[in-house]
Amino acid sequence: MNKRQLLQSFLAASALSFGLSPALAQTMTPIKFQLDWRFEGPAALFLHPAAKGYFKAAGLDVTIDAGNGSGGTVTRVASGAYDMGFADLAALMEFHANNPDSPNKPVAVMMVYNNTPASVMALKKSGIAKPGDLAGKKLGAPVFDAGRRAFPIFAKANSIGAVNWTAMDPTLRETMLIRGDIDAITGFTFTSLLNLEARGAKAADIVVLPYPDYGVKLYGNVIIASPKLIKENPEAVKRFLSAFAKGAKEVIANPAVAIESVKARDGIIDSKLETRRLQLAIDTVINSADARSEGFGVVNAGRMSLMASQVSDAFNTKTRVSPDAVWTAALLPPAAELSGVLRK
């Protein structure tokens, strides 16, 4: 039996678990997928089910590429360069509201980060211990950073006075904080916290002010799909989400094993460090109390509407964000499949 025959046998044997006939399983649908960032710990959410063959068993030939920010991912899916992607919901909302006439605005089809990972981080020696201490301070972050973009929402929720911003390349953010060039930074907690430690800061000397802990209940990253794919092949999107959910359950249950899929894509990563990063992401935004309350993959309509209004105001968008335009639950797996993803 040659390699092609072996693959066909594997697909046929796996097809029933995704509701596919063996014949359909052998007709592979190509899906180009872009992450929001580099191949780091959280990328295991997608790389693990790919490595386990879950996408292929669902009749999908999925190609996963690293990204360089949520805004770029949204733009590339909108351009047709990618079929699906992983991006911050606020970035998707901003694109919709600023490009009302765009014919190919991506749509969020599954919630993954139920809470925004954004936080403000500082060193204790700065004297910053609570949000109010940020008034008049010098904050730093790349101009596209999700935490920086959403800072007006954080500031309003905590009555923070004016701050001064410094922009830099992402690779310099934590270094500039360590050097004392800036007083605080915004960033994803599971990214910047570990980057600060890698640059010599002790965990006990770092102050972390997570947005969700201080009145900002923004959603974080979602899986997005092009409207073209949704219209022409909704079943492919459904099968992708089902395979993803199956893999996500395993990633949440055993991050150390799942990180091997990331190591396979980028051999120079520090597996121990990236396992910590993945576990932080799981604990703070994927398997959070809010996620367990609302359920994996879904959104709360009231919370979504509030976020749409907040993003419209904070980002000063050309038009108001329409929650119904950026999100659909129509392609999600059955509730029975989603209910077992999170750990109680």
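For the structure, check the block above.
Described below are features of the structure shown in this document. (Residues numbered from 1 in each chain as written. Predicted model: local features only at pLDDT ≥ 70, side-chain atom pairs only at ≥ 80, totals over all residues. Heavy atoms only, no water.)

## Focus: the pairing of strand E2 (residues 60–65)
Consideration 1: The alternating pattern of E2 places Leu 60, Val 62 and Ile 64 on a buried face and Asp 61, Thr 63 and Asp 65 on a face that is not buried.
Consideration 2: Two elements, strand E1 (residues 29–34) and E2, share six bridges in a ladder whose sense is parallel. Each residue of the ladder has a partner; that of Lys 32, found in E2, is Thr 63. (Buried < 20%, exposed > 50% of the residue type's maximum accessible area, 1.4 Å probe, protein only. Helix = DSSP H or I, 4+ residues; strand = E, 2+ residues; numbered from the N terminus. Pairing = 2+ DSSP bridges.)

## Focus on the pattern of salt bridges
Consideration 1: Under the counting rule described, the total for this entry stands at 14 salt bridges.
Consideration 2: A salt bridge links Lys 217 to Asp 290; the shortest N-O distance between them is 3.0 Å. Taken together, the residues span a long stretch of sequence, with Lys 217 in the loop between strand E9 (206–210) and strand E10 (221–225) and Asp 290 in helix H15 (residues 289–294) at a distance of 73 residues.
Consideration 3: Residue Lys 217 is classed as partly exposed on the basis of its relative accessible area, which comes to 39%.
Consideration 4: Glu 294 is paired through a salt bridge with Arg 303; the nearest N and O atoms lie 2.9 Å apart.
Consideration 5: Judged by its relative accessible area of 11%, Arg 303 falls in the buried class.
Consideration 6: Residues joined in a network through salt bridges with shared partners are Arg 38, Glu 40, Glu 274 and Arg 277. (Salt bridge = Lys/Arg side-chain N within 4 Å of Asp/Glu carboxyl O.)

## Points about helix H10 (residues 189–198)
Consideration 1: Of all 10 residues in H10, eight are buried, a share of seventy percent or more.
Consideration 2: Those residues of H10 that fall on the buried side of the exposure criterion are Thr 189, Phe 190, Thr 191, Ser 192, Leu 193, Leu 194, Asn 195 and Leu 196.
Consideration 3: In the core, the buried residues of H10 are packed alongside strand E5 (118–123), helix H9 (173–179), strand E8 (184–188), E9 and helix H14 (271–286).
Consideration 4: Backbone geometry just downstream of H10 places Gly 200 in the positive-phi region, at approximately 105°. (Contact = heavy atoms within 4.5 Å.)

## Focus on helix H5 (residues 70–79)
Consideration 1: Among the residues making up H5, those that are buried are Ser 70, Thr 73, Val 74, Val 77 and Ala 78. The buried side chains of H5 occupy one side of the element, clustering within an arc of 130° when seen end-on.
Consideration 2: On the buried face of H5, the contacting elements are E1, strand E3 (84–88), helix H6 (89–98) and E10.
Consideration 3: With its phi angle positive at about 95°, Gly 80 sits one or two positions after the end of H5. (Arc of directions from axis to C-beta.)

## Some points on the packing of helix H13 (residues 255–265) against H14
Consideration 1: Where H13 meets H14, the closest approach of the two axes is 9 Å, and the angle between their N-to-C directions is 120°. Considering the angle they form, H13 stands oblique to H14. Between H13 and H14 lies a crossing whose hand is right-handed. Each of Pro 255, Ala 256, Ile 259 and Lys 263 in H13 lies in contact with H14, whose residues at this interface are Ser 271, Glu 274, Thr 275, Leu 278, Gln 279 and Ile 282.
Consideration 2: Residues of the contact of H13 with H14, tallied by class, amount to five nonpolar, three polar and two charged. (Axes fitted to C-alpha atoms, helices over the stretch in contact; angles between N-to-C directions. Parallel < 35°, antiparallel > 145°, perpendicular 65-115°, else oblique. Left-handed = near helix turned anticlockwise from the far one by under 90°. Nonpolar A, V, L, I, M, F, W, Y, C, P; charged D, E, K, R; others polar.)

## Regarding the environment of Val 298
Consideration 1: Mapped onto the elements, Val 298 comes out in the loop between H15 and helix H16 (301–314).
Consideration 2: The exposure class assigned to Val 298 is partly exposed, which follows from its relative accessible area of 24%.
Consideration 3: It is 10.0 Å that separates the C-alpha atoms of Val 298 and Val 222, two residues lying 76 residues apart in sequence.
Consideration 4: Beyond its immediate stretch of four places on either side in the chain, Val 298 contacts Met 111, Asn 114, Trp 327, Leu 332 and Leu 338.

## Remarks on the sheet that holds E1
Consideration 1: Read from one edge of the open sheet, five strands run E2-E1-E3-E10-E4, paired in mixed fashion. Among the strands making up the open sheet, the edge pair consists of E2 and strand E4 (107–111). Mean inter-strand twist for the sheet, computed between neighbouring axes without regard to direction, equals 30°.
Consideration 2: The pairing of E3 with E10 spans five bridges and is classified as antiparallel. The partner of Asp 88 across the bridge, within E10, is Asn 221.
Consideration 3: Here H6 sits on the sheet in contact with E3, E4 and E10, set at roughly 100° to E3.

## As for the layout of surface pockets
Consideration 1: A volume near 600 Å³ is recorded for the largest pocket.
Consideration 2: Within the residue set of the lining of the largest pocket, elements represented by two or more residues are H5, E3, H6, helix H7 (146–149), E8 and H10.
Consideration 3: Sorting elements by how many residues they give to the lining of the largest pocket places H5 first, with five residues. (1 Å grid on protein atoms, 1.4 Å probe; cavity = no way out; pocket = protein on both sides within 12 Å on 5 of 7 lines; lining within 4 Å. Points joined across faces, edges and corners; volume = space filled by probe spheres on them.)

## A closer look at the packing of aromatic side chains
Consideration 1: With the rule as written, the count across this model stands at 13 aromatic pairs.
Consideration 2: Arranged with centres 4.8 Å apart and planes meeting at 25°, the rings of Phe 46 and Phe 244 form a pair that is stacked. Placement of Phe 46 in helix H3 (residues 44–51) and of Phe 244 in helix H12 (residues 234–253) is noted, with a sequence separation of 198 residues between them. You'll find Phe 46 and Phe 244 in the same group, each marked buried.
Consideration 3: Between Tyr 113 and Phe 190, the ring centres sit 5.9 Å apart and the planes meet at 75°, which makes this aromatic pair edge-to-face. Taken together, the positions of Tyr 113 in the loop between E4 and E5 and Phe 190 in helix H10 put the pair 77 residues apart, joining distant regions of the chain. (Phe/Tyr/Trp six-rings, centres within 6.5 Å; stacked < 30°, edge-to-face > 60°.)

## Here's the deal with the sheet that holds E8
Consideration 1: The sheet built from five strands is open, its strands ordered E7-E6-E8-E5-E9 with mixed pairing. Across the chains shown, the open sheet's two edge strands, defined by having one partner strand only, are strand E7 (164–166) and E9. The average angle at which neighbouring strand axes cross in this sheet is 30°, direction not considered.
Consideration 2: Two strands pair when backbone bridges link them, and strand E6 (residues 138–140) and E7 are joined in this way by three bridges, in the parallel orientation. For Gly 140, the partnering residue across the bridge sits in E7 and is Thr 166.
Consideration 3: Packed onto the sheet, H10 meets E5, E8 and E9 and runs at close to 125° relative to E8.

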